[in-house]
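# Fold and contact review
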Amino acid sequence: MATTVSAPSVTHQDRASTQRDETPRPADDSWRLIQITDSHLFAAADARLLDLNTRRSFAAVLALALEHAEPAAALVMTGDLVHDESAAGYAYLAQALGALGCPCFCIPGNHDRRGLMETWLGASAIESVAERRLGTWNLIFLDSTQPGKDGGQLTPRQVAQVETLLQRNPGPTLVFLHQHPIPVGSDWIDTIDVANGAELLAVCDRHPQVKAIVCGHIHQEFASVRRHYQILGTPSTCFQFMPGSPVFALDARTPGYRELRLHADGRLDSWVVRLAEYPEPLVYSTIGY
Ligand SMILES: [Fe+2]
């Protein structure tokens with residue numbers, strides 16, 4: 001039976017009231033940002049993808065992130081939020097994020113529907129190119145998705161806007177997008193990266209305040225250093241892809257998320273945190289998803 005839900009009415013005032021222009025300044029002059037990605041949720045609470053209940057897995061990873069002694073100053077979700085692109089899936093996500101009590105920034109992945117994100121997530125659903133502040137840091141968000149395609153592409157306008165934002169503000173900066181801008185060494189997923197990722201890198205190369213480009217999509221931990229910045233990839237909250245595999249393959253490593261520690265002096269520390277075990281046994285598949 002199809003799940004039906006009513007769309008919330010989001011007014012301009014609602015959106016404005018959920019925006020936070022100031023973030024609390026912690027005692028040690030740093031901000032705790034968490035990245036959660038590729039939740040692949042469904043309308044139905046018992047729905048499975050590759051035989052994994054993605055809602056249960058997402059909830060377990062979110063609970064792990066919230067166990068931390070210090071509350072997060074903000075949360076970023078880097079796409080593939082709702083696999084079946086259903087209103088009920090986004091409604092569930094909105095409820096989960098709404099309970100966190102911190103600003104949330106959500107960008108779409110190839111498995112997402114922007115209109116539903118805007119309807120259900122309100123101000124947390126960011127625009128095609130957006131900049132938000134977190135303490136002394138700037139967070140730039142990019143929608144790298146293309147309709148009907150798994151791979152990403154940035155428009156010339158988006159690339160130009162990133163250049164403009166970086167010219168205007170010299171503060172330490174993180175750039176977030178869904179698809180990976182450089183190959184990660186896995187042939188099958190490197191065919192669906194950001195096709196013109198090199199153009200984004202060229203812009204970031206010119207601006208020393210860029211500390212990292214952070215992506216989702218690859219369902220695995222990834223870290224690379226390029227000039228003055230890092231390129232970071234993060235495990236999914238559900239199943240993991242086998243690093244280095246030329247063809248689709250699952251990895252037994254557990255779901256997780258990324259911690260980002262943004263220091264007021266511009267230093268960035270980041271690491272991945274994983275569940276001790278899957279919320280339920282992982283069933284391997286070699287056919288893709
Ligand atoms: Fe994904």
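When helices and strands are tallied, the chain shows seven helices and 15 strands. Taken across its 289 residues, the chain has 58% of its residues classed as buried.

Another point: the sheet that holds strand β4 (residues 74-78). Taking strand neighbours across the sheet as the criterion, the five strands line up as β5-β4-β1-β14-β15 in an open arrangement whose pairing is mixed. Unpaired on one side and paired on the other, β5 (104-107) and β15 (268-274) mark the two borders of the sheet. Across this sheet, the average inter-strand angle for adjacent strands is 20°, counted without regard to direction. Inspection of the sheet shows strand β1 (residues 30-36) paired to β4 by four bridges, in the parallel sense. Residue I34 lies in a different strand from β4, and its bridge partner there is L75.

A word on the nonpolar core. Counting residues in hydrophobic clusters, the biggest one holds 39 residues, and the most contacted among them are L142, L200, I213 and F239. Elements with a contribution of two residues or more to this core: β7 (137-142), α5 (156-168), β8 (173-177), α6 (187-190), α7 (197-205), β9 (210-215) and β11 (229-233). Setting aside residues up to four positions removed in sequence, I213 forms contacts with V175, L177, P181, L200, L201, C204, Y229, Q230, I231 and L232.

With that settled, consider the packing of aromatic side chains. By the definition in use, this model includes seven aromatic pairs. Each ring, one from F141 and one from F176, has its centre 5.4 Å from the other, and the planes form 20°; the classification is stacked. Here F141, found in strand β7, pairs with F176, found in strand β8; they are 35 residues apart in sequence, far enough to count as distant. The exposure class assigned to F141 is buried, which follows from its relative accessible area of 0%. What links up through ring pairs into an aromatic cluster is the set W188, F239, F241 and F248. Over the aromatic face of Y92 sits the side chain of R55, whose NZ or CZ is 3.9 Å from the ring centroid.

Our focus in this paragraph is the side chain of D38. Tracing the sequence through the fold places D38 in the loop between β1 and β2 (48-49). This buried residue, D38, is left without a salt bridge; R258 holds the nearest opposite charge, at 11 Å. Reaching out from D38, the side chain makes a polar contact with the backbone nitrogen of H217 at a distance of 2.8 Å. Contacts of D38, omitting those with residues within four sequence positions, involve T78, G79, D80, H178, G216, H217, H219, S236, T237 and C238.

Let us look at the coordination of the iron ion. Coordination of the iron ion by the protein involves D38 (OD), H40 (NE2), D80 (OD) and H219 (NE2), with metal-donor separations of 2.1 to 2.3 Å. In this structure, the iron ion is surrounded by four donor atoms whose angles at the metal cover 88 to 176°, and the resulting shape is irregular. One chain supplies every donor for the iron ion, spaced along it as D-x1-H-x39-D-x138-H. Residue D38 is located in the loop between β1 and β2, and its partner D80 is located in the loop between β4 and α3 (87-98); the two are separated by 42 residues in the primary sequence. Exposure remark for D38: the relative accessible area of 0% places this residue in the buried category.

Another point: the sheet that holds β8. The strand order β6-β7-β8-β9-β11-β10 describes an open sheet built from six strands, whose pairing is mixed. Each edge of the sheet is formed by a strand with only one pairing partner; in this case those strands are β6 (129-134) and β10 (222-226). Taking the axes of each pair of neighbouring strands and ignoring which way they run, one obtains an average angle of 20° across the sheet. Where β7 meets β8, four bridges bridge the pair, whose relative direction is parallel. Looking at β8, one finds that F141 is bridged to F176.

It is worth spelling out the pairing of β5 at this point. Burial along β5 is two-sided: the face carrying C104 and C106 and the face carrying F105 and I107 are both buried. Of the pairings in the sheet, the one linking β4 to β5 comprises four bridges and is parallel in character. Bridge pairing in β5 links M77 to C106.

It is worth spelling out the pairing of strand β14 (residues 256-263) at this point. With respect to burial, β14 is a largely interior element, eight of its eight residues being buried. The side-chain alternation of β14 yields two buried faces, one formed by G256, R258, L260 and L262 and the other by Y257, E259, R261 and H263. Bridging between β1 and β14 involves six bridges; their strand directions are antiparallel. Looking at the pairing, I34 lines up with E259 of β14. Strand direction decides the pairing type here: β14 and β15, joined by seven bridges, are antiparallel. Note on β15: the bridge partner recorded for R261 is D269. What sits between β14 and β15 in their antiparallel hairpin is a turn of four residues, with G266 showing a positive phi close to 95°.

So, how was this worked out
- Residues numbered from 1 in each chain as written.
- Predicted model: local features only at pLDDT ≥ 70, side-chain atom pairs only at ≥ 80, totals over all residues.
- Heavy atoms only, no water.
- Helix = DSSP H or I, 4+ residues; strand = E, 2+ residues; numbered from the N terminus.
- Buried < 20%, exposed > 50% of the residue type's maximum accessible area, 1.4 Å probe, protein only.
- Pairing = 2+ DSSP bridges.
- Axes fitted to C-alpha atoms, helices over the stretch in contact; angles between N-to-C directions.
- Core = buried A, V, L, I, M, F, W, Y, C linked by side-chain atoms within 4.5 Å.
- Contact = heavy atoms within 4.5 Å.
- Phe/Tyr/Trp six-rings, centres within 6.5 Å; stacked < 30°, edge-to-face > 60°.
- Lys NZ or Arg CZ within 6 Å of the ring centre and 35° of its normal.
- Lys, Arg positive; Asp, Glu negative; His and termini not counted.
- Salt bridge = Lys/Arg side-chain N within 4 Å of Asp/Glu carboxyl O.
- Polar contact = N/O pair within 3.5 Å; in protein donor to acceptor, adjacent residues only side chain to side chain.
- Donors = N, O, S within 2.8 Å, 3.2 Å for Na, K, Ca; no water.
- Tetrahedral: all angles 85-135°; square planar, octahedral: opposite > 155°, others 65-115°.

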